[in-house]
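Descriptive analysis of the structure
One-letter residues, chain by chain:
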Amino acid sequence: MANVVSAVPVRSHDNGGIVVDIRVFLSVLTLAMAASFMAGVGLEPFTMPKSLQSFSLHPSSSEAPTVSPTEQVHSVNLLDPSQVLPHDEEHLPAGQHLLVDMRNVDSSFLNSESRLADAMMETIKESGLTMLSYHCHSLLPNGVSCVGVLLESHISFHTWPDDGVITLDLFTCGSSPLLPVVPTLKRLFGIGENVYTKWSHELRGFRSDEQKKQNYLDDSSDLTYWVLSPLDMHSKTQVYSNSTSLQRVDIWDLVEITDRPTFMDVIKHNMTPDDARLRDPAYVTPDRLLFLDGTIQSLSSTERVYHEAMVHPALFAHPNPKHVAILGGGEGATLREVLKHKTLESATMIEMDSELVEICREHLASMSNCSDLIGRAENCFDDALTELYFEDGRKWFLDRFGPSPSIKPAHETLDVVLLDALDPEDDTEASGMLYSDDAFISAMMNSLSENGILAIQVGTAASIDDPRPDMGIYKNRENLFNMLEARDDVEAMLVYEDANCGFLEPHSFLIVCKSVDCRSRWYARSDEIDYQIYDRIVHTQSKERALTYFDGTTQYAYQWPKKGWETVYCRREPMPFECNYRSLSWEANIHEIDLTDPSKSSFRFEPKETEDGEKQASIYATVDIAKGSFIMAEHLSKSVELSSRNLEGLKNNAIAGGAEGNRVAIIEDLLQFLANFTHASKVPGSNKHYVEVGATCFIRRVTSEGEANVAHWLPPHPTGKRPKFSPVYERHRVSHDVLMVASRDIKAGDEVVMLQVDEGSWFI
């Protein structure tokens, strides 16, 4: 109400000449809104017309319709059964709230009380709502405020003609959707050129947990959080909203107010360095989002990150993946990534919802586009290697690989199975069954070859703030992990996450290996992975890399579980044994050797005669060293990591170079040094070895535990075997492999003697 004070009179409705004090008007407005809410609470709403139940948020016209004059009060006989709303649903203290803001609206329209009142009445009529009464007032110097009391609750708006702005507020009780009213409001109130509209939809009041779960518009749903609730969005355009026979499907194009043109947008619009358009979201390509039953599935801007993270770590952990199965992945993007592998002979995709696949073909075409891949079909679903089944994935596996199979599988075994289905934190019956069905898990594991890999997307990554893993929303995931850990056919479980998948929090994945040998490929150096990508990934028509995100360095980052996984794992009860070895204890001393200042050194060199009569340097303690103290940690931390392939290469070079009696002295001497001072990693299947290069090389080795007084920091696991899943072992595997401690008290003057557990094992 620009420049209007409380004592300034206002003009009445066009039909009369009532003078109203602004304070009276505000009081009436407040009382009317309160009365409208009470009316909505006490009465049942009309059911939304069927024509509005499958809706589009695109207005067909920006022109205002011609409507007949409407009285200020519309009477309803609440005692007339024909006019009283049917009691066909439980009445709840809840409703829906729609906020709509428009800019660039025609100023004459915004200053016309009668035209605005007509637009309001037509909105109510087209929306299937019932107007009980309304009050409109033209204000000085200009602008109009209206409030309408509905049988279902209220509608109100205020205009600023000079600024071309109107803000509207519509609240209704009951379950009939308000979203279909958005295009109606745009059409009836958005009069003018280039009208800009922003809107927000919220569920208000209180509902039971069960009612919240059943409503995909609930404020806890991703659809509401990402699309419906935000008001300050540059644009949100509905692409598709409807239901298949199995689920609700919503696809939206979004541009946020803070979005700025991407690299491709700059090229598309030929922008220059100082171009003002670089700061204008109007030149941003919209991000297309897919929701199933209100839950976010993918974003066009980041889906390649997610699907490459889902697929390629698993396929490169297998030596030669030929037959791959995918559960879920109706968009086709998981299939697209699988078809990038040259070794592939079949890609079996099991998806329950055939309608979803067709919807995604049309509206998310890039996700199943294989046209750039040499040797593949235009559309991934149509490729000769694709075997598509529209049925329940659980049933598919049980019928072919369960205890009583009824169908002979097309392939005797599968090399990789990718489970790209529900998140474990989804509070649904299907999610609960998926992550607790031992028969289903058994069938998938039975389908795998000896080197088989099962890869599962396991939802939002663990956080250091999460409770014990068997509590809260991630208990389904912990139950799944426990089932897999207990299986005899599982040798290793490796969890990883990626923060660039486009979701609000990092997303996580699990690799399950039937053979420990998968660790050697999982822990491969980044250059090894880069070569594997070059060797195994198909080429493209465009000459661009087939992989957008995944490379050797990305895989290297996946090799180290993040702190959240370790923290939550160590909240298990009882606490796992290895959780006591997550960091060097502050209570333990670290004893180092200092060759420049003997007064600061805990050790000294002293020559000692061997059994062969030769003299060699040995190390003796110069101070008392308590059991558990760290021995030369600085020197051991400089140990060199080599793989079995590195060592085999050196041996082969020595053999090849020594042909015809030639001696390769340098290599042979190096091999002898490695044989003396290299030990294998304790991580099963890793094929890693560590070479000591510091003063610890002079510590005498023995094979008798009773004779040694120095041993590895991490003692053997009490069960005699490391757990199949342990973020602690994965995160600290190098420290556990190289650091040494005093295994008993060492007195000043005692020789330091190290326990050698695998002398020369790699060299034989």
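Each remark here, short or long, concerns the structure printed above.
Treat the numbers as computed from the prediction; the structure is a model and nothing was measured.

Section: the overall build of the protein
Helix and strand counts for the protein come out as 23 helices and 30 strands. Here the protein holds 764 residues, and 51% of them are scored as buried. For the protein, the proportion of contacts with a sequence separation of at least 24, taken over those separated by at least 6, is 70%. Entry remark: accessible area of the protein is about 35,600 Å², with carbon and sulfur atoms responsible for 52%.

Quick look at the packing of helix H3 (residues 113–126) against helix H4 (residues 181–189)
Running from amino to carboxyl end, H3 crosses H4 at an angle of 155 degrees, the nearest separation of the two axes being 10 Å. Considering the angle they form, H3 stands roughly antiparallel to H4. Both H3 and H4 take part in a crossing whose hand is right-handed. Along its contact with H3, which presents Leu116, Ala119, Met120, Glu122, Thr123 and Glu126, the element H4 presents Val181, Thr184, Leu185, Arg187, Leu188 and Phe189. Its residues assigned to classes, the contact of H3 with H4 comprises seven nonpolar, two polar and three charged.

Focus: the packing of aromatic side chains
Scanning all chains against the criterion turns up 25 aromatic pairs. On the numbers, 5.0 Å between centres and 75 degrees between planes, the contact of Phe481 with Phe725 is edge-to-face. You can see Phe481 sitting in helix H14 (residues 475–485) and its partner Phe725 sitting in the loop between strand E28 (710–712) and helix H22 (727–731), a full 244 residues away along the chain. There is no split in this pair, since Phe481 and Phe725 are both buried. Their ring planes at 40 degrees and their centres at 6.3 Å tell us that Tyr531 and Tyr534 sit as a pair that is tilted. Taken together, the residues Tyr531 and Tyr534, both in helix H16 (residues 526–536) and three residues apart, mark about one turn of the helix. Given the relative accessible area of 48%, Tyr531 is considered partly exposed.

Remarks on the pattern of salt bridges
One pass over the full model with this rule turns up 30 salt bridges. Measuring nitrogen to oxygen at the nearest pair gives 2.9 Å for the salt bridge that ties Glu303 to Arg336. Pair noted here: Glu303 is in helix H8 (residues 303–316) and Arg336 is in helix H9 (residues 333–338), with a separation of 33 residues, a long-range link. Note on accessibility: Glu303 and Arg336 belong to one class, buried. The closest approach of N and O atoms between Arg701 and Glu692, which form a salt bridge, is 2.6 Å.

Quick word on the environment of Ile699
Mapped onto the fold, Ile699 is located in the loop between strand E26 (688–691) and strand E27 (700–702). Given the relative accessible area of 3%, Ile699 is considered buried. For the pair Ile699 and Phe605, spaced 94 residues apart in sequence, the C-alpha separation works out to 9.6 Å. Those residues within four positions of Ile699 in sequence are excluded, and the remaining contacts are Ile619, Met632, Val752, Val753 and Met754.

As for unusual backbone geometry
Residue Pro141 follows Leu140 across a cis peptide bond; omega there is 5 degrees. Mapping Pro141 onto the fold places it in the loop between strand E4 (131–138) and strand E5 (144–150). Pro574 follows Glu573 through a cis peptide bond whose omega is -5 degrees. One can find Pro574 in the loop between helix H18 (563–569) and strand E20 (590–591). For Lys543, which is not glycine, the phi dihedral falls at a positive 70 degrees. Residue placement: Lys543 occurs in the loop between H16 and helix H17 (552–558).

Some thoughts on the sheet that holds strand E6 (residues 153–160)
Strands sit in the order E4-E5-E6-E7-E3-E8 across an open sheet of six strands; the sheet is antiparallel. Every interior strand has two partners, whereas the edge strands, E4 and strand E8 (196–205), have only one. Each adjacent strand pair in this sheet contributes to an overall mean axis angle of 10 degrees, direction not counted. Summarising the sheet, E6 and strand E7 (residues 165–173) pair through eight bridges and their orientation is antiparallel. Looking across to E7, one finds that His158 is bridged to Thr167. On top of the sheet, H3 reaches E4, E5, E6 and E7; it is set at about 155 degrees to E4, its chief contact. Packing of H4 onto the sheet brings it into contact with strand E3 (94–103), E6, E7 and E8, and relative to E3 it is tilted by some 35 degrees.

Side note on the state of the cysteines
One pass over the full model with this rule turns up four disulfides. Paired through a disulfide, Cys136 and Cys146 show a sulfur-sulfur distance of 2.0 Å. Disulfide Cys136 to Cys146: torsion about the S-S bond roughly 120 degrees, handedness right-handed. Placement of the pair is Cys136 in strand E4 and Cys146 in strand E5, with a sequence separation of 10 residues. Comparing Cys136 with Cys146, the two get one shared label, buried. Through a disulfide, Cys513 is tied to Cys518; the S-S separation comes to 2.0 Å. Judged by the sign of its S-S torsion, about 90 degrees, the bond between Cys513 and Cys518 is right-handed. By relative accessible area, which is 0% here, Cys513 ends up buried.

So, the side chain of Arg572
The residue Arg572 is located in the loop between H18 and E20 in this model. Polar contacts involving the side chain of Arg572 include one to the side chain of Glu478, which spans 2.8 Å. Apart from residues no more than four positions distant in its own chain, Arg572 is found in contact with Arg468, Pro469, Glu478, Phe481, Asn482, Glu485 and Phe725.

Digging into helix H13 (residues 438–447)
Counting buried residues in H13 gives seven out of 10 residues, a clear majority hidden from the surface. Backbone nitrogen of Ala439 and a side-chain oxygen of the N-cap are separated by 3.1 Å at the start of H13; the cap is Asp437.

Considering empty space enclosed by the protein
For the structure on display, the rule yields five cavities of 30 Å³ or more. Each pocket or cavity is described by its volume, and for the largest cavity that value is around 150 Å³. Considering the residues around the largest cavity, the lining is formed by 15 residues, among which Pro469, Arg477, Glu478, Trp565 and Val568 are closest to the centre. Listing elements by their share of the lining of the largest cavity, those giving two or more residues are H14 and H18. The class makeup of the residues in the lining of the largest cavity is 10 nonpolar, no polar and five charged.

What counts, and at which threshold
Residues numbered from 1 in each chain as written. Predicted model: local features only at pLDDT ≥ 70, side-chain atom pairs only at ≥ 80, totals over all residues. Heavy atoms only, no water. Helix = DSSP H or I, 4+ residues; strand = E, 2+ residues; numbered from the N terminus. Buried < 20%, exposed > 50% of the residue type's maximum accessible area, 1.4 Å probe, protein only. Contact = heavy atoms within 4.5 Å. Areas by Shrake-Rupley, 256 points an atom, 1.4 Å probe, with all protein chains shown as cover. Axes fitted to C-alpha atoms, helices over the stretch in contact; angles between N-to-C directions. Parallel < 35°, antiparallel > 145°, perpendicular 65-115°, else oblique. Left-handed = near helix turned anticlockwise from the far one by under 90°. Nonpolar A, V, L, I, M, F, W, Y, C, P; charged D, E, K, R; others polar. Phe/Tyr/Trp six-rings, centres within 6.5 Å; stacked < 30°, edge-to-face > 60°. Salt bridge = Lys/Arg side-chain N within 4 Å of Asp/Glu carboxyl O. Pairing = 2+ DSSP bridges. Disulfide = S-S within 2.5 Å. Polar contact = N/O pair within 3.5 Å; in protein donor to acceptor, adjacent residues only side chain to side chain. 1 Å grid on protein atoms, 1.4 Å probe; cavity = no way out; pocket = protein on both sides within 12 Å on 5 of 7 lines; lining within 4 Å. Points joined across faces, edges and corners; volume = space filled by probe spheres on them.

Spatial relationships are all this shows, so hold off on functional conclusions.
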